[in-house]
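Next come the chains, spelled out residue by residue.
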Amino acid sequence: MAYIVADPCVKCKYTDCVDVCPVTCFYEGLNTLVIHPDECIDCGACEPECPTTAIFEEDDLPEKWTVYTPLNAVFSGAEEPEDVDMDGWPQHLIDAATSDSFEPWPCIDEKMEAMEGADDCAEEENKLSAFSPDPPEE
Ligand code: SF4
Ligand code: SF4
């Protein structure tokens with residue numbers, strides 16, 4: 001079992017969660033984070049820190065966001081794209097994850113500034129179409 005970063009993180013990336021994780025198992029994309037499910041020790045420390053309530057224990061993940069379980073696994077590098085169920089993934093994420101140039105995201109080990117406009121985006125729902133498969137800017 002592991003914790004999952006879900007929809008509310010997209011376009012926000014406050015990264016308060018990163019600061020409290022004892023095992024540094026967050027991975028950073030261009031506009032969201034994911035958790036490596038095999039590295040997460042299920043301590044729960046990150047969940048209350050998230051200003052957007054984006055983090056859930058896998059069993060408590062709202063049904064509408066179950067797609068985030070394989071997204072966390074693939075973009076953190078825990079699972080190969082061909083080994084997960086991509087049902088419900090938007091086409092741009094399927095294309096990215098199955099392309100020859102696909103690479104999982106880098107680990108993030110310290111808090112950084114939230115994304116520009118994060119406070120407005122925190123109120124938005126259904127941000128899956130905006131989930132970028134790209135790594136963070138250098
Ligand atoms: S604390 Fe920030 S970076 Fe971490 S999951 Fe929540 S919104 Fe995303
Ligand atoms: S539950 Fe604990 S180990 Fe897992 S991501 Fe959150 S802080 Fe890290």
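Keep in mind that what you see is a predicted model, and the values were worked out from it rather than measured. (Residues numbered from 1 in each chain as written. Chains lettered and ligands numbered in written order. Predicted model: local features only at pLDDT ≥ 70, side-chain atom pairs only at ≥ 80, totals over all residues. Heavy atoms only, no water.)

Enquirer: With reference to specific residues and values, describe empty space enclosed by the protein.
Expert: Summed over all chains, the structure comprises two cavities of 30 Å³ or more. Here the largest cavity is characterised by a volume of approximately 100 Å³. Residues belonging to the lining of the largest cavity are distributed by class as follows: 12 nonpolar, two polar and two charged. Roughly 70 Å³ of volume is contained in the second largest cavity. Along the walls of the second largest cavity sit 14 residues, with Cys21, Cys25, Cys40, Cys43 and Cys46 positioned nearest its centre. Taken together, the residues that form the lining of the second largest cavity break down as 12 nonpolar, one polar and one charged. (1 Å grid on protein atoms, 1.4 Å probe; cavity = no way out; pocket = protein on both sides within 12 Å on 5 of 7 lines; lining within 4 Å. Points joined across faces, edges and corners; volume = space filled by probe spheres on them. Nonpolar A, V, L, I, M, F, W, Y, C, P; charged D, E, K, R; others polar.)

Enquirer: Quick rundown of helix α2 (residues 68-75)? Include the residues and the values.
Expert: Of all eight residues that make up α2, seven are buried, and the element is covered over most of its length. For α2, every residue scored as buried is listed here: Tyr68, Pro70, Leu71, Asn72, Ala73, Val74 and Phe75. Residues of α2 that are buried make contact with β1 (3-5), β3 (33-35) and α3 (91-97). A positive backbone phi angle near 90° is found at Gly77, which sits one or two residues after α2. (Buried < 20%, exposed > 50% of the residue type's maximum accessible area, 1.4 Å probe, protein only. Helix = DSSP H or I, 4+ residues; strand = E, 2+ residues; numbered from the N terminus. Contact = heavy atoms within 4.5 Å.)

Enquirer: So what's going on with the site of ligand 2? Which residues, and what values?
Expert: The local shell around ligand 2 consists of Tyr3, Cys21, Pro22, Val23, Cys25, Phe26, Ile35, Cys40, Ile41, Cys43, Gly44 and Cys46. Because more than half of its atoms lie within 2 Å of the grid, ligand 2 is assigned to the second largest cavity. (Near = heavy atom within 4 Å. Sits in = over half its atoms within 2 Å of the grid points.)

Enquirer: A description of the pattern of salt bridges should follow, citing residues and the corresponding values.
Expert: Applying the stated criterion across every chain yields a total of three salt bridges. Between Glu124 and Lys11 there is a salt bridge, with its nearest N and O atoms 3.0 Å apart. Of this pair, Glu124 sits in the segment after α4 (118-121) while Lys11 sits in the loop between β1 and α1 (16-20), and the two are 113 residues apart along the sequence. Since its relative accessible area comes to 35%, Glu124 is described here as partly exposed. Put simply, Lys111 and Asp16 hold a salt bridge, and the shortest N to O gap is 3.5 Å. Taken together, the positions of Lys111 in the loop between α3 and α4 and Asp16 in helix α1 put the pair 95 residues apart, joining distant regions of the chain. When its relative accessible area of 39% is taken as the criterion, Lys111 is described as partly exposed. According to the relative accessible area criterion, Asp16 is partly exposed, its value standing at 22%. (Salt bridge = Lys/Arg side-chain N within 4 Å of Asp/Glu carboxyl O.)

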